[in-house]
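# Summary of structural features
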Amino acid sequence: MQEFVFKMTAYSHADRVKCNDFLKYSRIQKIIRRGDDLFDMLPEEYSFKELIKKMRPIPASASVVHLPSSLVENAEKFKFLLPGGCNHLAE
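What you see is a predicted model; the values in this text were computed from it and never measured.

Per the counting criterion, the structure on display carries 1 aromatic pair. Positioned over the ring face of Phe39 is Arg16, at 5.7 Å from the centre of the ring. Lying over the aromatic face of Phe22, Arg27 brings its terminal NZ or CZ to 4.1 Å of the ring centre.

Below, the structure written as structure tokens:
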């Protein structure tokens, strides 16, 4: 989680952190597990049709089909990002 906070506050992203709540571990974890944008930004798309498609809710899934292989291979290290992972992190 420290790496996420570091990246979010790095020079190129610091302007997107609108308030300190954005850096809470529990918020970051929840946002990542939902697949939402950490900075509450709309997706960058080229048409309204694609934008609307992105805004539709995505059903929750326990499948790992669309996850990066490195995440699946290191599931124990990153279990807080996976379905059924730990929901309680120290702030």
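For an α-helix the count is 3.6 residues per turn, leaving residues at separations of three or four pointing the same way. Listed in full, the buried residues belonging to helix H2 (residues 25-34) are Arg27, Ile28, Gln29 and Ile31. On its buried face, H2 sits against helix H1 (2-9). In the segment just after H2, Gly35 is the residue with positive phi, at about 80°.

Here the focus is the pattern of salt bridges. Evaluated as defined, the whole model comprises 4 salt bridges. Its salt-bridge partner being Asp40, residue Arg27 comes within 3.6 Å of it at the nearest N-O pair. Placement of Arg27 in helix H2 and of Asp40 in the loop between H2 and helix H3 (48-55) is noted, with a sequence separation of 13 residues between them. The shortest N-O distance in the salt bridge between Arg34 and Asp36 comes to 2.7 Å.

Cut-offs and rules
Residues numbered from 1 in each chain as written. Predicted model: local features only at pLDDT ≥ 70, side-chain atom pairs only at ≥ 80, totals over all residues. Heavy atoms only, no water. Phe/Tyr/Trp six-rings, centres within 6.5 Å; stacked < 30°, edge-to-face > 60°. Lys NZ or Arg CZ within 6 Å of the ring centre and 35° of its normal. Buried < 20%, exposed > 50% of the residue type's maximum accessible area, 1.4 Å probe, protein only. Helix = DSSP H or I, 4+ residues; strand = E, 2+ residues; numbered from the N terminus. Contact = heavy atoms within 4.5 Å. Salt bridge = Lys/Arg side-chain N within 4 Å of Asp/Glu carboxyl O.

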